[in-house]
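# Remarks on the overall topology
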Amino acid sequence: MPADSATNPESTPLAPWTQSGRMPRIAIIGAGMSGIAAVVKLRRAGYNDLTVFEKTDRVGGTWRENQYPGLSCDIPSYLYQFSFEKNPDWSHRFSHGPEIQRYMESTARKHGVLRDVRFNTRVEELRYVAPVWELTTNGGETEIFDIVISATGVLHHPAIPDIPGLSDFEGEAFHTARWNTQLDLQGKRVGIIGTGSTSAQIVGEIADQVGKLSLFQRTAQWIHPLPQKAYGTYWKTLLRKVPALNTAVYWGVAFSIEQSFVRATLGNKLLLRYVDWACRRNLRKNVPDPVLREKLTPNYAAACKRLIFCSTFYPAISRDNAELVTDGIERIESKGVRTRDGRLHELDVLVLATGFQADRFILPTRVIGEGGQELGSQWEGSPRAHRATSVPGFPNFWMLEGPTGPIGNISLIMVTEHQIDYVIACMEKMKRDGLVAMAPTEEAFRQYNTAMTEAVQRTVWVTGGCQSWYLDKDGIPNIYPWTPRQYRKEMRHPNFREFRLIRSHDLTRSAERSASTTTSA
Ligand code: N01
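Cut-off values and rules
Along every chain, residues carry numbers that run from 1 in the direction the sequence is written. This being a predicted model, a pLDDT of at least 70 is required before a residue's local features are given, and a value of 80 or more before pairs of side-chain atoms are given or counted; all residues contribute to the totals for chains, interfaces and linings. Side-chain calculation: all heavy atoms of the structure are included, whereas hydrogens and water are not. Throughout, exposure labels follow a simple rule: accessible area from a 1.4 Å probe, protein chains only, divided by the maximum for the residue type, with under 20% read as buried, over 50% as exposed, and the rest as partly exposed. Secondary structure elements follow DSSP: runs of H or I no shorter than four residues count as helices, runs of E no shorter than two count as strands, and numbering proceeds from the N terminus. Strands pair, by our definition, only if DSSP identifies at least two bridges between them. Only the stretch in contact is used when fitting a helix axis, every axis being a line fitted to C-alpha atoms; angles between N-to-C directions are given from 0 to 180 degrees. In what follows, a disulfide is any cysteine sulfur pair within 2.5 Å. Near, as used in this document, describes a residue that has one of its heavy atoms within 4 Å of the molecule or strand being considered. As used in this structure description, the phrase polar contact means that two N or O atoms lie within 3.5 Å; if the pair is within protein, one of them must be able to donate a hydrogen and the other to accept it, and residues adjacent in sequence are counted only when both atoms belong to side chains. For every accessible area listed, the method is Shrake-Rupley and the probe measures 1.4 Å; residues are considered covered only by the protein chains on display. Each residue is assigned to one of three groups, with Ala, Val, Leu, Ile, Met, Phe, Trp, Tyr, Cys and Pro labelled nonpolar, Asp, Glu, Lys and Arg labelled charged, and all others, Gly among them, labelled polar. For each domain, the first and last residues come from an automatic or database assignment. Note on contacts: a residue pair qualifies if any of its non-hydrogen atoms lie within 4.5 Å across the two residues. For any pair of parts, buried area is found by adding up, for both, the accessible area (1.4 Å probe) each one loses once the two are put together. We define a salt bridge as a contact between a side-chain nitrogen of Lys or Arg and a carboxyl oxygen of Asp or Glu at a distance within 4 Å. Small angles under 35 degrees read as roughly parallel and large ones over 145 as roughly antiparallel, with 65 to 115 read as roughly perpendicular and the rest as oblique. Pairs were defined over the aromatic rings of Phe, Tyr and Trp, the Trp ring being its six-membered one, requiring ring centres within 6.5 Å. Orientation was assigned from the angle between planes: stacked under 30 degrees, edge-to-face over 60, tilted for the rest. Take the buried Ala, Val, Leu, Ile, Met, Phe, Trp, Tyr and Cys residues and link them wherever side-chain atoms come within 4.5 Å; each set so joined is a nonpolar core.

Right, let's talk about the pairing of strand S13 (residues 322-325) for a bit. Strand residues, when the strand is regular, have side chains that alternate between the two faces of the sheet. The side-chain alternation of S13 yields two buried faces, one formed by Ala 322 and Leu 324 and the other by Glu 323 and Val 325. Note: strand S10 (residues 212-216) against S13, four bridges, orientation parallel. Opposite Leu 213, over in S13, you have Ala 322 as the bridge partner.

Spelled out as structure tokens, the structure:
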């Protein structure tokens, strides 16, 4: 591309929105929980020119995609909801997947989100042509946007294990995020590889339906009981009549989780001891067989891997028709799974509960920033961002639930809403100061990530001595290591000194420099 068209605002089809008085054109990628929240909050802030690109034909993201039996949320319902759409009708303290999906769809309908969504449209490429983005879809159409917000989620690319012979299996085999909902498991011999949160929920749900359940465990997991409870009509009516009560419960639950499990993961020894005690007690109480109990006891600290909350798993794996297989998997054959002890575990169905590629985020969409740099090659297995939302060299590009954000045993809906507020505050700054673009400085990015890498060493994700999907290719947890309270503060008050604030004349100068370099060359 000629240098001047890449950097000169006059040569782009749109005059900068902060100077022409028009509405900024905003592209949101993904119509899951973050995309829905972004549309509602941006509209409320007065930004109406929104286009949401959704690769499938429905909103809901992870709750649309995951349809496995037993799917539920281990974050309490009153916290796992939008601040602007408090639901008085949650049926349980921890909602089941289909109920959350219905909530996502009804919220999107009620707030008119659907009219902004382009379904079945995948974004293939984003190219920064200062100060705007060219967005190209799978249909080959290219459009220009002033601001791009990636709302693609974290865990959405299934990790398919590299086990020899997987394609030789003659029965049904699928990843948990691609569940075959037509399949009747009644009386079948079902094998499940993996023992994370997903697997625990599935095992708890299907053990009494299947003929034989074989659970292939590579690493034992700590499991905390899930204090499930159904809500009665009186409580729901009260919440409907007194909406402030819903808000009080929202903050009350947030406070209690942040003061307990979150502080434990951040290194509070006393709280970690409590988590360890609660998990051991759960195991002792619910697994009577000492041999099975021994196999289910992890050799690392509780909460090092993301803590599982589930009360159905231990009774299910203790059933006569269930077997916990701890001999490693040698290979998969046409009839089942061969373990290293030479035994063939014959199966009709093989479920891969093997988690997700947690280092992808917006990838494989090609994101090309200033100077032609590609986000994917910059990340290379260790994705990083500034305050989980932006990257130097990629102006006017924002991420919700991007790398280094607070994840773990907290509500991602709350986190995403703070991030949207942050993006809006930055756009307001652009408007006030007539900026054409903004991106974090290299220095701010480096400082934040250096501090993060140091602070994370004190957390149980490092000290706990385990492998987990939190770790990047260098073994560093890709998670925010400070309190959610601090994160809220950072998001509420963006520090604009951390940004390159780009004005029209900066682009003109850069264009002149490029032109003179081209001429002298
Ligand atoms: O995936 P995981 P998940 N051979 O990565 C094993 C969220 N979530 O889908 O521990 C044999 O936790 C792997 O073994 P190991 C939640 O954030 C939320 O269960 O690496 N085994 C592990 O046991 C959660 O943390 C809810 O040794 C192999 C398992 O597969 C995240 O999703 C509900 C293997 C993967 O566990 C991911 O959970 C459900 C191999 N080659 C999930 N490869 C809520 O309630 C992998 N494994 C909100």
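The peptide bond linking Ala 130 to Pro 131 adopts the cis configuration, its omega dihedral lying at 0°. Among the secondary structure elements, Pro 131 is positioned in the loop between strand S4 (123-129) and strand S5 (132-137). Here the residue pair Leu 363 and Pro 364 is connected by a cis peptide bond, since its omega of 15° sits within 30 degrees of zero. Mapped onto the fold, Pro 364 is located in the loop between strand S17 (349-352) and strand S18 (366-368). Backbone geometry places Ala 303, a non-glycine residue, at a positive phi of 80°. Its location among the elements puts Ala 303 in the loop between helix H10 (290-295) and strand S12 (308-309). Despite not being glycine, Thr 404 has its phi angle at roughly 70°, a positive value. Tracing the chain through its elements places Thr 404 in the loop between strand S19 (397-399) and helix H13 (412-433). On the basis of relative accessibility, which here comes to 0%, the residue Thr 404 falls in the buried class.

This paragraph deals with the sheet that holds strand S14 (residues 329-332). Spatial strand order, S14-S15-S16: three strands in an open sheet with antiparallel pairing. Of all strands in the sheet, those bounded by a partner on one side alone are S14 and strand S16 (344-346). The average angle at which neighbouring strand axes cross in this sheet is 25°, direction not considered. Looking at chain direction, S14 and strand S15 (residues 336-339) are connected through three bridges and run antiparallel. The partner of Ile 329 across the bridge, within S15, is Thr 339.

Following the criterion strictly, the structure yields one disulfide and no others. Each sulfur in the disulfide pair Cys 304 and Cys 466 lies 2.1 Å from the other. Judged by the torsion about the S-S bond (-90°), the Cys 304/Cys 466 disulfide is left-handed. Note that Cys 304 is positioned in the loop between H10 and S12 and Cys 466 in the loop between helix H15 (460-463) and helix H16 (484-492), a separation of 162 residues in sequence. Note on Cys 304: relative accessible area 0%, which makes it buried. You can see Cys 73 has no disulfide; the closest cysteine sulfur is in Cys 310, sitting 13 Å from it. Taking relative accessible area as the criterion, Cys 73 reaches 4% and is therefore assigned buried.

A few words now on the site of the ligand. Around the ligand, a shell composed of 22 residues is seen, among which Asp 74, Thr 195, Thr 198, Thr 219 and Lys 305 lie nearest. Contacts to the ligand include Ser 72, whose backbone N or O atom sits 2.9 Å from an oxygen atom. Asp 74 is positioned with one of its backbone polar atoms (N or O) 2.8 Å from an oxygen atom of the ligand. Bound to the protein, the ligand loses 83% of the 910 Å² it would expose on its own. Here the element with the most residues in the shell around the ligand is helix H6 (residues 197-206); it accounts for three residues. Class assignment of the residues belonging to the shell around the ligand gives a composition of eight nonpolar, 10 polar and four charged. Taken together, domain 1 (11-157 + 358-516) and domain 2 (166-244 + 257-352) each give at least three residues to the shell around the ligand, which thus spans both.

In terms of domains, the protein is made up of domain 1 (11-157 + 358-516) and domain 2 (166-244 + 257-352). One C-alpha centre belongs to domain 1, the other to domain 2, and the line joining them spans 31 Å. Counting from both sides, the interface comprises 43 residues of domain 1 and, opposite them, 36 residues of domain 2. Taken together, both faces of the contact between domain 1 and domain 2 bury some 3500 Å²; the carbon and sulfur share is 58%. Considering only the side of domain 1, the residues that lose the most area to domain 2 are Tyr 68, Arg 93 and Asn 409, jointly responsible for 18% of the buried surface there. Linking domain 1 to domain 2 there are four salt bridges. Two residues, Glu 258 and Arg 488, come together in a salt bridge whose shortest N-O distance is 3.0 Å. Counting the contacts that link domain 1 with domain 2 gives 14 residue pairs in polar contact (both at pLDDT 80 or more).

Right, let's talk about the packing of helix H8 (residues 243-265) against H16 for a bit. Contact pair H8 / H16: the axes reach a minimum separation of 10 Å and the direction vectors enclose 120°. Taken together, the axes of H8 and H16 lie oblique to each other. Of the residues in H16, those touching H8 at Trp 251, Glu 258 and Val 262 are Pro 484, Arg 485 and Arg 488. Counted by class, the contact of H8 with H16 contains three nonpolar, no polar and three charged residues.

Another point: the packing of aromatic side chains. When we look at a pair of aromatic rings, we describe it by the centre distance and by the angle of the planes. Summed over all chains, the structure comprises 23 aromatic pairs. Each ring, one from Phe 174 and one from Trp 179, has its centre 4.9 Å from the other, and the planes form 70°; the classification is edge-to-face. Grouping residues by exposure puts Phe 174 and Trp 179 together as buried. A ring pair is formed by Tyr 480 and Tyr 487, whose centres lie 4.8 Å apart and whose planes are at 70°; its orientation type is edge-to-face. Each of the two residues, Tyr 480 as well as Tyr 487, counts as buried. Members of the aromatic cluster, each reached through a chain of ring pairs, are Phe 82, Phe 84, Trp 90 and Tyr 103.

If you look at the biggest cluster of nonpolar residues, it comprises 119 residues, and the most contacted ones within it are Leu 42, Met 104, Ile 192 and Phe 313. A per-element tally of this core places H13 first, with 10 residues. A domain split of this core shows at least three residues from each of domain 1 (11-157 + 358-516) and domain 2 (166-244 + 257-352). Excluding its chain neighbours within four sequence positions, the residues that come into contact with Phe 313 are Ala 200, Val 203, Gly 204, Leu 215, Ile 223 and Leu 296.

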